[in-house]
Amino acid sequence: MPRRLIYAANWKMNHGPTAARAFTERFLALTSPAADRELWLFPPAVSLTMVADAVCGRPDIRVGAQNVHWEPKGAFTGELAVPMVTETGARAVLAGHSERRHLFGETDEQVGRKAAAALKAQITPLVCVGETLAERDGGRTEQVVVRQVDAVLERVPAEDWARVVMAYEPVWAIGTGKTATPDDAAQVHSLIRFELSRNGVTGRVPILYGGSVNKGNVLSLLAREELDGVLVGGASLDADDWAELVGLGG
Ligand code: PGA
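These notes cover the structure that comes with them. (Residues numbered from 1 in each chain as written. Predicted model: local features only at pLDDT ≥ 70, side-chain atom pairs only at ≥ 80, totals over all residues. Heavy atoms only, no water.)

1. Focus: the pattern of salt bridges
- In the structure shown here, the tally under the stated rule is 20 salt bridges.
- Between Arg 101 and Asp 108 there is a salt bridge; the shortest N-O distance is 2.9 Å.
- Looking at Asp 108, the relative accessible area reads 19%, which means it is buried.
- Here Arg 155 ties to Glu 154 by a salt bridge, and the two come within 3.7 Å at their closest N and O atoms.
- Salt bridges here are not isolated pairs; linked through shared partners, they connect Arg 100, Glu 106 and Lys 114. (Salt bridge = Lys/Arg side-chain N within 4 Å of Asp/Glu carboxyl O. Buried < 20%, exposed > 50% of the residue type's maximum accessible area, 1.4 Å probe, protein only.)

Below you can see the structure in the form of structure tokens.
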């Protein structure tokens, strides 16, 4: 069966509603549905409704939130509950992005709870894992990635993994211009798959690669069949560039 690649754009803290509208209109004009790819957009929370409404005629485009709280409601100032983001039309949520883990102190346990909360509300968690440079240099990549995966396995039963997507994003490659080699990425993707199957997950969980992906390196990364797509920050912010990038690969 041919691969169905996922091209996911993580806008981070960019593109409020006005810029998000301009992006989305342009992106819709430049792309059309293709059987071999899905296009996912993760706008900031204030732009979710606008983007989700704009793409509702395009079943190949899925909109997701960058972060959620695991509780369905309550006294958590500044947080967003999963039911709130699903109400905007979002059908996915990032969990465990390295910026959440490292800049905001999100723990492995919290990432697992967020993934479980998303699944409970019938939306897809895109669970991100990855090692820092010090961890890679210290030979601890495997240990760290397995620990992060296990924390989600503790809270998401094996049968629910059919609705999970993962991303391997080495922290040292995010926003730095440094990319893992296709071999390095493929090796960690295989490690993740091994850990999932060791824990009773059957079926192929899609795993995206993220970290300084751009038009120049996306083809060599996607040439590796261990990769099911890419999660892209900086190179997803310009509609023309992003439309060009999602036209590559496949
Ligand atoms: P980058 O970010 O493409 O700018 O490296 C990727 C990510 O953080 O998801």
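2. Topic: the pairing of strand β7 (residues 207–210)
- Taking every second residue as pointing to the same face, both faces of β7 are buried, with Ile 207 and Tyr 209 on one and Leu 208 and Gly 210 on the other.
- Bridging between strand β6 (residues 165–168) and β7 involves 3 bridges; their strand directions are parallel. By the bridge assignment, Tyr 168 is partnered in β7 with Tyr 209.
- Taking the sense of rotation as the criterion, the β-α-β connection linking β6, helix α8 (residues 182–198) and β7 turns out right-handed.
- In the sheet, β7 pairs with strand β8 (residues 229–232) via 2 bridges, with the strands oriented parallel. Bridging across to β8, Tyr 209 finds its partner in Val 230. (Helix = DSSP H or I, 4+ residues; strand = E, 2+ residues; numbered from the N terminus. Pairing = 2+ DSSP bridges. Right-handed = clockwise from strand over helix to strand, strands pointing away.)

3. Looking at the sheet that holds β8
- Sheet architecture is closed into a barrel: 8 strands sit in the order β1-β2-β3-β4-β5-β6-β7-β8, paired in parallel fashion. For this sheet, the mean inter-axis angle between neighbouring strands, taken without regard to orientation, is 25°.
- Here 6 bridges tie strand β1 (residues 5–10) to strand β2 (residues 37–42), and the two strands are oriented parallel to one another. Each bridged residue has a counterpart across the sheet, and for Ala 8 the counterpart in β2 is Trp 40. (Axes fitted to C-alpha atoms, helices over the stretch in contact; angles between N-to-C directions.)

4. Here we look at the site of the ligand
- The local shell around the ligand holds 13 residues, among which Lys 12, His 97, Glu 169, Gly 175 and Ser 212 are the closest.
- In this structure, Gly 175 approaches the ligand through a main-chain N or O atom, which is 2.7 Å from an oxygen atom.
- The backbone of Gly 234 places a nitrogen or oxygen atom 2.9 Å from an oxygen atom of the ligand.
- Relative to its free-state accessible area of 280 Å², the ligand is covered by the protein chains to the extent of 95%.
- Looking at the shell around the ligand residue by residue, the class counts come to 4 nonpolar, 7 polar and 2 charged. (Near = heavy atom within 4 Å. Polar contact = N/O pair within 3.5 Å; in protein donor to acceptor, adjacent residues only side chain to side chain. Areas by Shrake-Rupley, 256 points an atom, 1.4 Å probe, with all protein chains shown as cover. Nonpolar A, V, L, I, M, F, W, Y, C, P; charged D, E, K, R; others polar.)

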